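Survey of secondary and tertiary structure
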Amino acid sequence: MKRLVIALGGNALGNNPEEQLKLVKQTAKTIVDLSEEGYNVIVGHGNGPQVGMINLAMDFAANNGANTPSMPFAECGSMSQGYIGYHLQQSIKNELNARKLNKNVATIVTQVVVDEKDEAFKNLTKPVGMFYTKDEADKIAAEKAFTFVEDSGRGYRRVVASPQPQKIVELETVKQLVDNGSIVITIGGGGIPVIEKQDGSLEGVAAVIDKDKSSAKLAKDLDAEMLVILTAVDRVCINFNKPNQEELASINLEEAAKYIAEEHFAKGSMLPKVEACVDFVASSTNGKALITSLEKAKEALHGKTGTIICKDR
Ligand SMILES: Nc1ncnc2c1ncn2[C@@H]1O[C@H](COP(=O)(O)OP(=O)(O)O)[C@@H](O)[C@H]1O
Ligand SMILES: NC(=O)OP(=O)(O)O
């Protein structure tokens, strides 16, 4: 069966357990829809807000008399995979049962190897957790030696390193489950970043890998038919948010490169998605990538909306 890798954006997940479970129930319908279209579905997702929340809560408890241990960032990443994976696998199973579909679904706690010399460790770019005012951010930065950046006019957010994904450690396990027909949730939050020591052992590092990049890597490694990036917009645009905004129904690799060079895609939001699609399509024989909204995923798969990125069109 053909393999389809989905990357779920923040709007598929929400900001607290109640909101997340409610949103994920809708997300599950889309995932089961795509599975019913005849694909082996593999699901990746973001974790920026969630890993930040977990890290902040653990840090607060450890420093405010709760007598709990301080929790390393990589462990917080693994907790975010469990937390989001639990909601996804429960909601997907409920949806499968409601449609009387006999399929299994499982979350794999997934590590992704990064290079400890990656320049990203010197230049922190990945926003995590909640938004602060400038004064709050300055105060926390001074106390904890954290770095903050202004995030798209919405306030200040802590940033952490976001190194390149190099190797998905649990890839073979994912393949086996996929080949057995299971829906697999993996590389949550881009994967738990680990470095490979000289003796071959793995060790977690404080970072958050971009989920779109990891999803492209997974789609390549699985020789997927399709990479589907689900976000908040139905289609990618040029001249986004300008009077001459134009929706793109399909673009080839040359057009994508031209639009990237012309800076039509915002850094930190649409740019990594288009780049991930280009990366996957360029290295695949027949693979296509699709960027669309969660709500329109099924329609987009039938060519009614969404932006397709392909070799030739
Ligand atoms: N050229 C563009 N076309 C469409 N959307 C764009 C473009 N540039 C920036 N965006 C914004 O990028 C957002 C998706 O990025 P982001 O919010 O980071 O995604 P997610 O959280 O789903 O991974 C869209 O909702 C849109 O507001
Ligand atoms: N890991 C990751 O890319 O998370 P977000 O999509 O939430 O930023």
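Presented here is an overview of the structure given in this document. (Residues numbered from 1 in each chain as written. Chains lettered and ligands numbered in written order. Predicted model: local features only at pLDDT ≥ 70, side-chain atom pairs only at ≥ 80, totals over all residues. Heavy atoms only, no water.)

1. Here we look at the overall build of the protein chain
A count of helical and extended segments in the protein chain gives nine helices and 17 strands. Relative to a compact globule of 313 residues, whose C-alpha radius of gyration would be 20 Å, the protein chain shows 19 Å and is just as compact. With the principal axes as the frame, the protein chain shows a C-alpha extent of 55 × 50 × 45 Å. Taking all 313 residues of the protein chain together, 50% fall into the buried category. Restricting the contact set of the protein chain to residue pairs at least 6 apart, pairs at least 24 apart contribute 73%. As displayed, the protein chain has an accessible area near 15100 Å², and 48% of this comes from carbon and sulfur atoms. (Helix = DSSP H or I, 4+ residues; strand = E, 2+ residues; numbered from the N terminus. Rg over C-alpha atoms; globule rule 2.2 N^0.38 Å. Buried < 20%, exposed > 50% of the residue type's maximum accessible area, 1.4 Å probe, protein only. Contact = heavy atoms within 4.5 Å. Areas by Shrake-Rupley, 256 points an atom, 1.4 Å probe, with all protein chains shown as cover.)

2. Quick look at the site of ligand 1
Of all residues adjacent to ligand 1, which total 17 residues, the nearest are K211, T231, C237, H264 and K273. One of the backbone nitrogen or oxygen atoms of G10 is found 3.1 Å away from an oxygen atom of ligand 1. Here an oxygen atom of ligand 1 and a side-chain polar atom of K211 are 2.7 Å apart. When the free accessible area of ligand 1 is taken as 570 Å², the share hidden by the protein chains comes to 79%. (Near = heavy atom within 4 Å. Polar contact = N/O pair within 3.5 Å; in protein donor to acceptor, adjacent residues only side chain to side chain.)

3. Details of the site of ligand 2
Around ligand 2, the surrounding shell consists of G46, N47, G48, P49, K126, G189, V208, I209, D210 and K211. At 2.9 Å from an oxygen atom of ligand 2 is found a side-chain nitrogen or oxygen belonging to K126. A distance of 2.8 Å is found between an oxygen atom of ligand 2 and a side-chain nitrogen or oxygen belonging to K211. Surface burial for ligand 2 is 87%, taken as the share of its 260 Å² of free accessible area covered by protein chains.

4. Description of the packing of helix α6 (residues 211-221) against helix α8 (residues 270-283)
α8 packs onto α6 with a crossing angle of 15° between their chain directions and a minimal axis gap of 8 Å. The angle between the axes of α6 and α8 places the two elements in the roughly parallel class. Both α6 and α8 take part in a crossing whose hand is right-handed. In contact with K211, D212, K213, A216, A219 and K220 of α6, α8 contributes P272, K273, A276, D279, F280 and S283. Residue classes in the contact of α6 with α8 are distributed as five nonpolar, one polar and six charged. (Axes fitted to C-alpha atoms, helices over the stretch in contact; angles between N-to-C directions. Parallel < 35°, antiparallel > 145°, perpendicular 65-115°, else oblique. Left-handed = near helix turned anticlockwise from the far one by under 90°. Nonpolar A, V, L, I, M, F, W, Y, C, P; charged D, E, K, R; others polar.)

5. As for the side chain of E95
Here E95 shows up in helix α3 (residues 73-98). Overall, the relative accessible area of 12% leaves E95 in the buried class.

Geometric descriptors of this kind do not, in isolation, establish any biological role.
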